[in-house]
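Each chain, letter by letter, is given below.
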Amino acid sequence: MKIRNGSPEDIPDILSLLDGAVAWLAARGRTRQWGDRSFSGIPARVEHIGRYAHEPFLIRLAVDDDGRTVGSCVLSEQRPEYATPVDEPELYIRNLVTDRSRKGSGIGAALIADALDEARRRGIGLLRVDCFGGDDRKLVGQYRALGFTETESFEVEQPAGPWPGQILAIRLTG
């Protein structure tokens with residue numbers, strides 16, 4: 001597996017990964033995170049993901065030996081509007097998704113390591129991410145296992161009700 005920069009041409013692959021993640025979650029009864037409808041079937045979500053192909057975002061893709069996209073990580077020095085501002089430069093993971101058929105193969109960990117390398121390259125000492133913080137908080141636990149520390153919880157109002165989120169951070173050294 002290698003990690004490379006993404007481009008506008010890679011948006012369909014990212015949407016496919018997100019569609020696969022939604023189907024995987026829904027099959028397990030976990031619809032509070034992203035619902036049960038595919039990302040590619042909701043125009044507002046397609047538009048949102050399409051924005052990642054332009055500044056100020058950096059798309060990093062994990063690609064297998066056959067050239068197939070198996071993971072995506074979108075980075076930005078701009079935080080989302082719901083995240084509390086910090087008084088230092090930061091790199092924020094705006095979206096992270098991996099091929100669910102390859103669960104446990106280290107794709108997510110490789111993309112996080114790549115994000116840390118990118119933060120170091122930019123001279124930034126803080127990497128933050130947010131995720132779904134509801135239900136059993138399993139996703140929060142996965143980020144903790146990757147070295148993140150919980151910093152604050154938040155809620156975003158959605159048509160189906162409040163969406164519970166968790167912000168996590170890694171402070172870089174050296």
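So, here is what we can say about the structure in this document. None of these values were measured; they are calculated from a predicted model. (Residues numbered from 1 in each chain as written. Predicted model: local features only at pLDDT ≥ 70, side-chain atom pairs only at ≥ 80, totals over all residues. Heavy atoms only, no water.)

Some points on the nonpolar core
Soluble globular proteins tend to bury their nonpolar side chains together.
Line of reasoning, step 1. The biggest cluster of nonpolar side chains holds 24 residues, and the ones touching the most others in it are Ile93, Leu127, Tyr143 and Phe148.
Line of reasoning, step 2. Taken together, the elements giving at least two residues each to this core come down to strand S2 (57-63), strand S3 (69-76), strand S4 (91-98), helix H3 (107-121), strand S5 (126-132), helix H4 (138-145) and strand S7 (161-171).
Line of reasoning, step 3. In terms of residue count, the dominant contributor to this core is H3 (6 residues).
Line of reasoning, step 4. Those residues in contact with Phe148 that sit more than four places away from it in its chain are Ile93, Ile112, Leu127, Val129, Tyr143, Leu168, Ala169 and Ile170.
Line of reasoning, step 5. Residues Leu25, Trp34, Tyr52 and Val63 belong to the second largest nonpolar core, which totals 19 residues. (Core = buried A, V, L, I, M, F, W, Y, C linked by side-chain atoms within 4.5 Å. Buried < 20%, exposed > 50% of the residue type's maximum accessible area, 1.4 Å probe, protein only. Helix = DSSP H or I, 4+ residues; strand = E, 2+ residues; numbered from the N terminus. Contact = heavy atoms within 4.5 Å.)

Remarks on the pattern of salt bridges
Line of reasoning, step 1. Enumeration over the complete set of coordinates arrives at 16 salt bridges.
Line of reasoning, step 2. Where Arg128 meets Glu90, a salt bridge forms, and the shortest distance between an N and an O atom there is 2.5 Å. Of this pair, Arg128 sits in strand S5 while Glu90 is found in the loop between S3 and S4, placing the two residues 38 residues apart along the sequence. Neither residue differs from the other here; Arg128 and Glu90 are each classed as buried.
Line of reasoning, step 3. Among the ionic pairs, Glu150 bridges to Arg137, the shortest N-O distance being 2.7 Å. Of this pair, Glu150 sits in strand S6 (residues 149-158) while Arg137 is found in the loop between S5 and H4, placing the two residues 13 residues apart along the sequence.
Line of reasoning, step 4. Judged by its relative accessible area of 31%, Glu150 is partly exposed.
Line of reasoning, step 5. One salt-bridge network, in which partners are shared between bridges, spans Asp64, Arg68, Asp99 and Arg102. (Salt bridge = Lys/Arg side-chain N within 4 Å of Asp/Glu carboxyl O.)

Brief notes about the sheet that holds S5
Line of reasoning, step 1. Pairing within the open sheet is mixed, and its 7 strands lie in the order S1-S2-S3-S4-S5-S7-S6. Pairing within the sheet leaves two strands with one partner each, and these edge strands are strand S1 (2-5) and S6. Strand-to-strand, the axes of this sheet are offset by a mean angle of 25 degrees, without reference to chain direction.
Line of reasoning, step 2. With 4 bridges joining them, S1 and S2 adopt antiparallel strand pairing. Each residue of the ladder has a partner; that of Asn5, found in S2, is Arg60.
Line of reasoning, step 3. Lying on the sheet, H4 is in contact with S4, S5, S6 and S7; it crosses S5 at an angle near 160 degrees. (Pairing = 2+ DSSP bridges. Axes fitted to C-alpha atoms, helices over the stretch in contact; angles between N-to-C directions.)

What to know about the packing of aromatic side chains
Line of reasoning, step 1. Taken as a whole and judged by the stated rule, the model has 6 aromatic pairs.
Line of reasoning, step 2. Aromatic pair Trp34 and Phe39: ring centres 5.3 Å apart, planes at 80 degrees, arrangement edge-to-face.
Line of reasoning, step 3. Ring geometry for Tyr143 against Phe148: centres 5.6 Å apart, planes inclined by 90 degrees, an arrangement best described as edge-to-face. Grouping residues by exposure puts Tyr143 and Phe148 together as buried.
Line of reasoning, step 4. An aromatic cluster of three or more residues is present, and its members are Tyr82, Phe132, Phe154 and Trp163.
Line of reasoning, step 5. Above the face of the Phe39 ring, Arg45 is positioned so that its terminal group lies 4.2 Å from the ring centre.
Line of reasoning, step 6. Above the face of the Trp24 ring, Arg100 is positioned so that its terminal group lies 4.5 Å from the ring centre. (Phe/Tyr/Trp six-rings, centres within 6.5 Å; stacked < 30°, edge-to-face > 60°. Lys NZ or Arg CZ within 6 Å of the ring centre and 35° of its normal.)

By themselves, these are just geometric observations and shouldn't be taken as functional.
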